[in-house]
Amino acid sequence: MGRHSRKVEILTAASKIVSERGIFNLTLEAVAEEAGISKGGLLYHFPSKEALVEGMVEHLTNNYREKIANNAEMDPEEKGQWVRAYVNVTFNQVYQNKDMNAGLLAAKAVNEKLLDPIRELYAEWQQEIEEDGIDPVKATIIRLASDGIWLAELFDIYHIEPEKKEEVYKTLLEWANE
């Protein structure tokens, strides 16, 4: 098994702990046990809890960035392609392991500065949205609506019914095409 996949296994284990047991149960010992490795093996990849949480945020950020870029690149219609890609990924192609989103919660609890990569990415995304060829306010509203559904589900506040979620998704895409 390669170093990269071992890191992903560790990040997945850490995310699972945060999702299932809560942020205060995220310890290096618990992650090592969940990942099925020694604490020394964990420390080889992530020398501290802060480094582990930073890795969680970076992994999620890189995955999301890549998916949106790939979707936008495949969209033949230039006007609104970035907004459509954002909506599509947020609704349909979130990280396979939804627990990985817990890295954001962990970062907020461990060290708020660890959220800087996602903050920077959102600033880039907002610029992309405003330069996507559709009304910048409408594009921002589309992004915020997508984020709202994602965050409500992440925090387990509210899960919109699948049929309604599909209707919202289609409506946001229609707006991005106007």
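Residues numbered from 1 in each chain as written. Predicted model: local features only at pLDDT ≥ 70, side-chain atom pairs only at ≥ 80, totals over all residues. Heavy atoms only, no water.

Student: Please explain the packing of aromatic side chains as it appears in this structure.
Tutor: The relation between two aromatic rings is expressed through the spacing of the ring centres and the mutual angle of the planes. As enumerated under the stated definition, the model contains 7 aromatic pairs in all. An angle of 65° between the planes, with centres 4.9 Å apart, marks the rings of Tyr122 and Trp125 as edge-to-face. Note that Tyr122 and Trp125 are positioned in helix 7 (residues 116-130) at a spacing of 3 residues, about one turn of the helix. A residue is classified by how much of its surface remains accessible, and Trp125, at 3% relative accessible area, is buried. Aromatic rings pair up to connect Tyr64, Trp82, Tyr86, Tyr122 and Trp125 into one cluster. Between Lys7 and the ring centre of Phe46, over which it is positioned, the NZ or CZ distance is 5.7 Å. (Phe/Tyr/Trp six-rings, centres within 6.5 Å; stacked < 30°, edge-to-face > 60°. Helix = DSSP H or I, 4+ residues; strand = E, 2+ residues; numbered from the N terminus. Buried < 20%, exposed > 50% of the residue type's maximum accessible area, 1.4 Å probe, protein only. Lys NZ or Arg CZ within 6 Å of the ring centre and 35° of its normal.)

Student: Honestly, a nonpolar patch on the surface in this entry has me stumped. Any pointers?
Tutor: A cluster of nonpolar side chains, Leu151, Phe155, Ile157 and Tyr158, forms an exposed patch at the surface whose accessible area comes to about 430 Å². Mapped onto the elements of the fold, Phe155 is located in the loop between helix 8 (136-154) and helix 9 (162-177). (Patch = residues over 30% accessible without salt bridge, like charges linked within 9 Å, V, L, I, M, F, W, Y side chains within 5 Å. Areas by Shrake-Rupley, 256 points an atom, 1.4 Å probe, with all protein chains shown as cover. Salt bridge = Lys/Arg side-chain N within 4 Å of Asp/Glu carboxyl O.)

Student: Explanation requested: the pattern of salt bridges in the structure shown.
Tutor: Pairs may arise between side chains of opposite charge once their charged atoms sit close together. Following the criterion strictly, the structure yields 14 salt bridges and no others. Close ionic contact of Lys108 with Glu112 constitutes a salt bridge, the shortest N to O distance being 2.9 Å. Using a relative accessible area of 48% as the deciding quantity, one classes Lys108 as partly exposed. Here the residues in one salt-bridge network are Lys108, Glu112, Lys113, Asp116 and Arg119, joined through shared partners.

Student: What is the right way to read the environment of Glu50 from this model?
Tutor: Note that Glu50 resides in helix 4 (residues 49-74). Overall, Glu50 belongs to the partly exposed group, its relative accessible area being 38%. Apart from the residues lying within four places of it in its own chain, the contact partners of Glu50 are Val110, Asn111 and Leu114. (Contact = heavy atoms within 4.5 Å.)

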